[in-house]
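Remarks on the overall topology
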Amino acid sequence: MPDADGHPEPEEMQLGALLAALADPLRRRVIAELVRAEPLTERTCVSFGLPVSKASLTHHFRVLREAGLIRQVDRGNSRAAQLRRDEIEARFPGLLALVAAEDRAL
C-alpha cells in the first residue's frame, strides 16, 4: 500500500505502471536527467524547465511518484523530486540504463 504521500513500496511497483509513466516524453526526460545526476540528487519540479502549465507539471510528477519512479519531499513551498534509483534497479534491473541510453541517442 502506498505511503501517505503516494509512494508505493518497492514490491508494489508494477512494470506496467512504470512503462506507462515513461511513455510520455516529458516524463522520460525528467527521469533521464535524474539518472545522469549524482545519486540522491533532489530537484524541484520547475528546475526541469518543462514547457507545460503548473497544473500539467503537477500531473506529470504525480504520475512519476505513483508509479514509484521518484520520491517527492516537501521543501516548504515546493516539492523536490529524487529518483528511486536503488529501488528501481533492484526491482527492474536495467530499466534506468535503457532510459538513459535512449536519451543519449537523441
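See the structure shown above.
Here goes a summary of the coordinates provided. A quick note: this is a predicted structure, and the numbers were derived from the prediction, not measured.

Next up on the list: helix α2 (residues 25–36). In a regular helix each residue adds 1.5 Å, so 12 residues correspond to 16 Å; α2 covers 16 Å between its end C-alpha atoms and thus fits that length. What α2 keeps buried is the set L26, R27, V30, I31, A32, E33, L34 and V35. You can read the cap of α2 off the contacts: a side-chain oxygen lies 2.8 Å from the backbone nitrogen of L26, and it is on D24.

The three strands lie next to each other as β1-β3-β2, forming an open sheet whose pairing is antiparallel. Pairing within the sheet leaves two strands with one partner each, and these edge strands are β1 (43–44) and β2 (70–75). Bridge count for β1 against strand β3 (residues 78–83) is two bridges, and the pairing is antiparallel. Within β3, the position partnered with T44 by the bridge is A80. Packed on one face of the sheet, α2 meets β1, β2 and β3 and runs near 70° to β3. Along the sheet, helix α3 (residues 54–67) contacts β2 and β3; its crossing angle with β2, the most-contacted strand, is approximately 120°.

With that settled, the discussion passes to the layout of surface pockets. In this approach, a probe sized like a water molecule rolls over the atoms, and the result shows the empty space that is left. Estimates place the volume of the largest pocket at around 320 Å³. Together, 13 residues line the largest pocket, and C45, K54, L57, T58 and R79 are the ones closest to its centre. Taken together, the residues that form the lining of the largest pocket break down as four nonpolar, five polar and four charged. Put simply, the second largest pocket is a space of about 170 Å³. What lines the second largest pocket is a set of 13 residues, and nearest its centre among them are L40, L83, R84, R85 and D86.

The next subject is the nonpolar core. Soluble globular proteins tend to pack their nonpolar side chains together in the buried interior. Judged by nonpolar contacts, the single largest core of 28 residues is most densely connected at L18, I31, F61, L64, L69 and I88. Among the secondary structure elements, those contributing two or more residues to this core are α1 (15–22), α2, α3, β3 and α5 (95–105). With six residues, the single largest contributor to this core is α2. Discounting residues that sit within four places of it in the chain, F61 has contacts with V30, C45, F48, L50, I70, Q72 and A81.

Relative to β3, β2 runs antiparallel, the two sharing six bridges. Looking at β3, one finds that R75 is bridged to S78. Between β2 and the antiparallel strand that follows it, β3, lie two residues; G76 among them carries a positive phi value of about 75°.

Attention now goes to the side chain of R27. Inspection of the secondary structure assignment puts R27 in helix α2. Comment: no salt bridge for buried R27; closest opposite-charge side chain is D24, at 4.5 Å. Among the polar contacts listed, one links the side chain of R27 to the side chain of H60, at a separation of 3.0 Å. Not counting chain neighbours up to four residues away, the residues in contact with R27 comprise A20, A21, H59, H60, V63 and L64.

Thresholds applied
Residues numbered from 1 in each chain as written. Predicted model: local features only at pLDDT ≥ 70, side-chain atom pairs only at ≥ 80, totals over all residues. Heavy atoms only, no water. Helix = DSSP H or I, 4+ residues; strand = E, 2+ residues; numbered from the N terminus. Expected span 1.5 Å × (residues − 1). Buried < 20%, exposed > 50% of the residue type's maximum accessible area, 1.4 Å probe, protein only. Polar contact = N/O pair within 3.5 Å; in protein donor to acceptor, adjacent residues only side chain to side chain. Pairing = 2+ DSSP bridges. Contact = heavy atoms within 4.5 Å. Axes fitted to C-alpha atoms, helices over the stretch in contact; angles between N-to-C directions. 1 Å grid on protein atoms, 1.4 Å probe; cavity = no way out; pocket = protein on both sides within 12 Å on 5 of 7 lines; lining within 4 Å. Points joined across faces, edges and corners; volume = space filled by probe spheres on them. Nonpolar A, V, L, I, M, F, W, Y, C, P; charged D, E, K, R; others polar. Core = buried A, V, L, I, M, F, W, Y, C linked by side-chain atoms within 4.5 Å. Lys, Arg positive; Asp, Glu negative; His and termini not counted. Salt bridge = Lys/Arg side-chain N within 4 Å of Asp/Glu carboxyl O.

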